[in-house]
Amino acid sequence: MRKGKYYFTSESVTEGHPDKIADQISDAILDDLLKQDPSSRVAVETMVSTGMVIVAGEIRTKGYSHLPKIVRGELKKIGYTDAEYGFDYKACSVMSAIDEQSSDIALGVDTGGAGDQGMMMGFACKETPELMPLPISLAHKLTKKLASVRKRGVLKYLRPDGKSQVTVEYDGYKPVRVDTVVISCQHGPSVSRARIERDVLKHVIKPVLGKYFDTKTKVMVNPTGKFIIGGPPGDCGLTGRKIIVDTYGGYSRHGGGCFSGKDPTKVDRSGAYMARYVAKNIVAAGLASRVELQVSYAIGVKDPVSLFIDTFGTATVPGSSDIGDAEARILDAVKKVFDFTPAGIIRTLKLRRPIYSKTACYGHFGRSGEEFTWEKTSKAQKLKKLV
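Quantities reported herein were computed from a predicted structural model and do not represent experimental measurements.

Another aspect to go through is the overall build of the protein. Helix and strand counts for the protein stand at ten helices and eleven strands. Computed over C-alpha atoms, the radius of gyration of the protein comes to 22 Å, within 12% of the 21 Å expected from 2.2 N^0.38 for 387 residues, which places it in the range of a compact globule. Viewed in the frame of its principal axes, the protein has a C-alpha envelope of about 65 × 55 × 25 Å. Within the protein, the proportion of its 387 residues that are buried is 56%. Contacts in the protein between residues far apart in sequence, at least 24 positions, make up 72% of those at least 6 positions apart. Surface summary for the protein: the accessible area is close to 16,300 Å², and the carbon and sulfur share equals 52%. The protein carries 58 positive and 43 negative side-chain charges, and their two centres are separated by 7 Å.

So, in structure tokens, the structure goes:
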């Protein structure tokens, strides 16, 4: 069990951040193909830079995507609608370098095996109602709020790019307060720094942080002084470069693979979703107050190579002799309740649907179970009964 005071920090980025633009485009292409052919195999990468979008990767599908139309549609939705921003959905060039999926990979996937080797991590804890770590939960809410006040015209000078960073003070495993919050928000050239600081504190920071904000909380808004040049003109964006933002904000270990642009036969994505589903159900069942789960695969093989759980000393299983025994009993129940084969994961979580564009911003985890099946706690009672 963790004891004493310490600080932990997580960050999030808005949908106008270059890397998130790339993620959204990749997942929009995936969704478009899944609508036409639910069995589509997709591994799409996107790069955005000044005045250009490059889409590359491997696809096997019966459908057809008009890539420039999808790309421009996503950029318009995000808010890159003015040439003054240095990146405009109408004027940017769109280039494609799409090839067919490797027949060597297909050999393993077509028979129900994993499309690659690798390990995926899942995590859940009781810090928030959505069973997520508080730092990443607040960081996402801040960037989402930042985008909301921009799109609703509350702060008309804001532009699409932005970031948040939240440092939470802990006492053991209990979050106590927010120690520091950092907001970097792209803006027009005519607004003063003082006004931005005042507006962001009033309309974004205080409403989101609520009880965790106090008189000692340190606030930094646009620490460099200005943030006019943003989006692709300010930084090249790539699919899959915000993997920690997408998961648990660094609070849990990460398997290494990104999610966006990958169809559910890719265990980088589906395996991580299943690991979260299992971890969340373990905590919801009251078997532990926090848990991390690892699952690993070999290419072309259906069943996982390994399953591992760590409850960080919080397992509560009646009749167990110690933490090791409790975790062993939980793991045994997990193996009986959940199907970790790629086909089993796809079937359980209903992953052949065009649901992925919604995941590309503000985290893949901690969202509504109505939107994302891996956020449901439908197996909690069955787990509890077996243990």
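Looking at the secondary structure, you find Asp303 in the loop between strand E10 (290-297) and strand E11 (306-310). Take Asp303: its relative accessible area is 49%, and that puts it in the partly exposed class. In this structure, Asp303 is in contact with Tyr297 and Thr341, ignoring residues within four places of it in sequence.

Under the criterion given, the structure shown has 14 aromatic pairs. With a centroid separation of 5.6 Å and 90 degrees between ring planes, the pair formed by Tyr80 and Phe87 is classed as edge-to-face. Comparing Tyr80 with Phe87 shows no difference in burial state: the two are buried. Directly above the aromatic system of Tyr173 lies the positively charged group of Arg290, at a separation of 3.9 Å from the ring centroid.

Okay, the sheet that holds strand E8 (residues 218-221) next. The pairing of strands in a sheet comes from backbone hydrogen bonds and takes either a parallel or an antiparallel form. If you walk across this open sheet you meet the four strands as E1-E6-E7-E8, and the pairing is mixed. Looking along the sheet, the strands with just one partner apiece sit at the ends: strand E1 (5-13) and E8. The average undirected angle you get between the axes of adjacent strands in this sheet is 15 degrees. Direction of pairing for strand E6 (residues 158-171) relative to strand E7 (residues 174-187): antiparallel, over a ladder of eleven bridges. Note that in E7 the partner of Val166 across the bridge is Val181.

With that settled, the discussion passes to the pairing of strand E4 (residues 93-100). Pairing of strand E3 (residues 52-60) with E4 involves eight bridges; the strand directions are parallel. In the sheet register, Val55 faces E4, and the bridge partner there is Ser96. Crossover handedness for the path E3 to helix H2 (residues 67-78) to E4: right-handed.

Before going further, it helps to spend a moment on the environment of Gly313. Along the chain, Gly313 turns up in the loop between E11 and helix H8 (323-337). Taking the relative accessible area as the measure of exposure, Gly313 reaches 29% and is therefore partly exposed. Once the C-alpha coordinates of Gly313 and Ile105 are considered, the two residues, 208 residues apart in sequence, prove to be 40 Å apart.

What follows is about the pattern of salt bridges. Applying the stated criterion across every chain, the model contains 22 salt bridges. Among the salt bridges present, the one from Arg253 reaches Glu292, with a minimum N-O distance of 2.4 Å. Remark: Glu292 occurs in strand E10 and Arg253 occurs in the loop between helix H6 (243-246) and helix H7 (267-284); sequence separation between them is 39 residues. Taking the relative accessible area as the measure of exposure, Arg253 reaches 48% and is therefore partly exposed. Residue Glu292 is classed as buried on the basis of its relative accessible area, which comes to 2%.

Here the focus is the sheet that holds strand E9 (residues 237-238). Spatial ordering of the open sheet is given by E4-E3-E2-E9, a layout of four strands whose pairing is mixed. The two strands at the open ends of the sheet, each matched to only one other strand, are E4 and E9. Set on the sheet, helix H1 (residues 18-36) makes contact with strand E2 (41-49), E3 and E9; between it and E2 the angle comes to about 150 degrees. Against the sheet, H2 touches E3 and E4, its axis set at about 125 degrees to E4.

This part takes up the pairing of E6. If a strand is regular, its side chains alternate between the two faces of the sheet. Burial analysis of E6 places eleven of its 14 residues in the buried class, the great majority of the element. The pairing of E1 with E6 spans nine bridges and is classified as antiparallel. Among the inter-strand pairings, Ser12 is bridged to a residue of E6, identified as Ser164. As consecutive antiparallel partners, E6 and E7 are separated by two residues, and within that stretch Gly172 has a phi angle of approximately 65 degrees, a positive value.

What counts and what doesn't
Residues numbered from 1 in each chain as written. Predicted model: local features only at pLDDT ≥ 70, side-chain atom pairs only at ≥ 80, totals over all residues. Heavy atoms only, no water. Helix = DSSP H or I, 4+ residues; strand = E, 2+ residues; numbered from the N terminus. Rg over C-alpha atoms; globule rule 2.2 N^0.38 Å. Buried < 20%, exposed > 50% of the residue type's maximum accessible area, 1.4 Å probe, protein only. Contact = heavy atoms within 4.5 Å. Areas by Shrake-Rupley, 256 points an atom, 1.4 Å probe, with all protein chains shown as cover. Lys, Arg positive; Asp, Glu negative; His and termini not counted. Charge placed at Lys NZ, Arg CZ, Asp CG, Glu CD. Phe/Tyr/Trp six-rings, centres within 6.5 Å; stacked < 30°, edge-to-face > 60°. Lys NZ or Arg CZ within 6 Å of the ring centre and 35° of its normal. Pairing = 2+ DSSP bridges. Axes fitted to C-alpha atoms, helices over the stretch in contact; angles between N-to-C directions. Right-handed = clockwise from strand over helix to strand, strands pointing away. Salt bridge = Lys/Arg side-chain N within 4 Å of Asp/Glu carboxyl O.

Taken by themselves, the reported measurements are silent on function.
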